[in-house]
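Coordinates in review
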Amino acid sequence: MKQAMIIINPSSGKEKALVYVRQVEDILRNKGYEVSVSETAKPLDATKFCLQACEEYYDLVVSIGGDGTLHETINGLIDQEHRPTLGVVPLGTINDFARALNIPLDPEKAIHTLTSSIVKTVDIGKMNDRLFANVVAVGSLAESLSSVSSEEKTKLGAFAYLKEGFKELIKTSSHPLTIMHDGESWIGESLLFVVALTNSVGGFEKMVPEASVDDGLLHCFIIKDINVFNTITVGTSLLFGSLKEHKDVVYFTAKQVQVTSSEQIHTNVDGEDGPPLPLELRILPSHIEVIVPEE
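Residues numbered from 1 in each chain as written. Predicted model: local features only at pLDDT ≥ 70, side-chain atom pairs only at ≥ 80, totals over all residues. Heavy atoms only, no water.

Structural notes on the side chain of Ser-38
Basically, it comes down to this: Helix and strand assignments follow DSSP, with helices taken as H or I runs no shorter than four residues and strands as E runs no shorter than two, numbered in order from the N terminus. Two residues form a contact once any of their heavy atoms are found within 4.5 Å.
Within the element layout of this structure, Ser-38 appears in strand S2 (residues 33–39). Setting aside anything within four residues of it in sequence, one finds Ser-38 in contact with Met-5, Ile-6, Ile-7, Ile-8 and Phe-49.

And the structure:
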């Protein structure tokens, strides 16, 4: 019999996660799976559970929770010979990975997606010794985005990040960065460096409109040292999908990127606190399979 593991963050989705898990169990059992449920209680639990699913050759792992739960779950797949198919029921505020794969943000509809027979092979990023599903940001702005409260995210959604970002851009200074990518280099002062895998970043689905989940590329943006007026125009470009064309933004695609600095600079990874520099990033093409809606 096929085996499925449900990894659930019980505090997600305004604590409705445990209601949804019963529906997921019913659907998977109807599809012929033997189902086990693993509830997270502390950081890295989801990674531990997913690692167990890999080692025990589970056929499917379903992540029920926000981007943080999904990030932890995906990190259980790192360096594994057997990687189960992934199902996603998004209960977070932003849900970039789900957006990029057209998985419904409504939990009931997302649960129904698990009945789909369509599986999509997607890229994953590797940052130093961990995986990421969607985005890495470097700089003071990245650190401030990690501090956006759950209440603000619930109330404002993606605009909570934009609001915090404008506040930080206005008051912060740039940092010296050295960015090496596929044999080329950029050295200069930057307010923010962003590496994205998909078209949706922080809930803004037009930031990288041409990016797809299986193009084998890291989409990279360097925002240079800018004044308050240009901060506003950068924000406008972000909203209208023309960020890469802004005169104070350097855009490039790459398969490998190294980021260093003479200063202590923090990062944000898939919406969570990341490690300080230096970073080594690379794309893992067609690395995982995800259940997506039938067209």
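So much for the structure itself; the text now carries on.
A closer look at helix H3 (residues 67–75)
Cut-off, in case you're wondering: Each residue is assigned to one of three classes by its accessible area relative to the maximum for its type, calculated with a 1.4 Å probe on protein chains only: buried under 20%, partly exposed between the two thresholds, exposed over 50%.
Buried residues dominate H3, accounting for 9 of its 9 residues. Among the residues of H3, those classed as buried are Asp-67, Gly-68, Thr-69, Leu-70, His-71, Glu-72, Thr-73, Ile-74 and Asn-75.

Section: the confidence of the model for the protein
Our working definition: Confidence scores per residue from the predictor, reported as pLDDT, run from 0 to 100.
Across the protein, pLDDT averages 85, with 79% of residues at or above 70. This model gives residues 146–150 a pLDDT under 50, and the stretch forms 8 contacts once residues within four places in sequence are excluded. Counted against residues more than four places away or in other chains, residues 152–160, with its pLDDT under 50, gives 19 contacts.

Quick notes on the pairing of strand S3 (residues 60–65)
Just so we agree on the cut-off: Here a strand pair is declared whenever DSSP counts at least two bridges between the two strands. Here the term right-handed applies to a crossover when the path leading from its first strand over the helix to its second strand runs clockwise, the strands being oriented away from the viewer.
Burial within S3 is extensive, with 6 of its 6 residues counted as buried. When strand S1 (residues 2–8) meets S3, the two strands line up parallel, connected through 5 bridges. Looking across to S3, one finds that Ile-6 is bridged to Val-62. You can see the chain leave S3, run along H3 and come back into strand S4 (residues 85–90), and the turn it takes is right-handed.

Some details on empty space enclosed by the protein
The condition is simple: Here a cavity is any set of points on a 1 Å grid over the protein atoms alone where a 1.4 Å probe fits but cannot get out, and a pocket is any open set with protein on both sides within 12 Å along at least 5 of 7 lines; a residue lines the site when it has an atom within 4 Å of a point. Grid points are joined across faces, edges and corners, and a volume is the space filled by probe spheres set on the points. Only Asp, Glu, Lys and Arg are considered charged, only Ala, Val, Leu, Ile, Met, Phe, Trp, Tyr, Cys and Pro nonpolar, and every remaining residue, Gly among them, polar.
Under the definition given, this model contains 2 cavities of 30 Å³ or more. Considering only enclosed or pocket space, the largest cavity measures out at about 40 Å³ in volume. What lines the largest cavity is simply Ser-63, Gly-65, Gly-66, Asp-67, Leu-70, Val-88, Pro-90, Asn-95, Phe-97 and Ala-98. Only S3, H3, S4 and helix H4 (96–100) provide two or more residues apiece to the lining of the largest cavity. Split by residue class, the lining of the largest cavity holds 5 nonpolar, 4 polar and 1 charged. Approximately 30 Å³ is the volume found for the second largest cavity. Taken together, Phe-97, Val-122, Asp-123, Ala-133, Leu-197, Thr-198 and Val-213 make up the full set of residues lining the second largest cavity. Taken together, the residues of the lining of the second largest cavity break down into 5 nonpolar, 1 polar and 1 charged.

What about unusual backbone geometry?
Following Leu-277, the chain continues to Pro-278 via a peptide bond in cis, the omega torsion being 10°. Mapped onto the elements of the fold, Pro-278 is located in the loop between strand S14 (272–274) and strand S15 (279–291). With a phi angle near 60°, Asn-95 is a residue other than glycine that sits in the positive phi range. Here Asn-95 shows up in the loop between S4 and H4. The backbone of Asp-270 shows a phi angle near 50°, a positive value even though the residue is not glycine. Classification of Asp-270 by relative accessible area gives buried; the value is 8%.

Thoughts on the packing of aromatic side chains
For the record, the criterion: Between rings of Phe, Tyr and Trp, where Trp is taken as its six-membered ring, a pair exists when centres lie within 6.5 Å; planes separated by under 30 degrees are stacked, by over 60 edge-to-face, and by other angles tilted. Whether a charge sits over a ring depends on NZ of Lys or CZ of Arg being within 6 Å of the ring centre and within 35 degrees of the ring normal.
Applying the stated criterion to the full structure yields 2 aromatic pairs. Measuring from ring centre to ring centre gives 6.3 Å for Phe-193 and Phe-252, while their planes differ by 20°; the resulting arrangement is stacked. Within this pair, whereas Phe-193 is found in strand S9 (residues 184–196), its partner Phe-252 is found in strand S11 (residues 249–254), the two being separated by 59 residues in sequence. Owing to a relative accessible area of 0%, Phe-193 belongs among the buried residues under this scheme. When the ring of Phe-221 is compared with that of Tyr-251, the centres are 5.0 Å apart and the planes differ by 50°; the resulting orientation is tilted. Here the residue Phe-221 occupies a position in strand S10 (residues 218–224), and Tyr-251 occupies one in strand S11, the gap between them amounting to 30 residues. Lying over the aromatic face of Tyr-33, Lys-2 brings its terminal NZ or CZ to 4.3 Å of the ring centre.

Quick notes on the side chain of Asp-67
Note the following rule: For this count, His and the chain ends are skipped, Lys and Arg are scored as positive, and Asp and Glu as negative. Just to be clear on terms, a salt bridge is a Lys or Arg side-chain nitrogen sitting within 4 Å of an Asp or Glu carboxyl oxygen. Identification of polar contacts relies on pairs of N or O atoms within 3.5 Å, with a donor-acceptor requirement for protein atoms, meaning one able to donate a hydrogen and the other able to accept it, and with residues adjacent in sequence counted only if both atoms are side-chain atoms.
Looking at the element boundaries, Asp-67 is found in helix H3. Arg-99 provides the closest opposite charge to the buried, salt-bridge-free Asp-67, at an N-O distance of 7.2 Å. Within the local environment of Asp-67, its side chain forms a polar contact with the backbone nitrogen of Asp-96, the two atoms lying 3.5 Å apart. Excluding residues that lie within four positions of it along the chain, Asp-67 makes contacts with Ile-94, Asn-95, Asp-96, Phe-97 and Asp-270.

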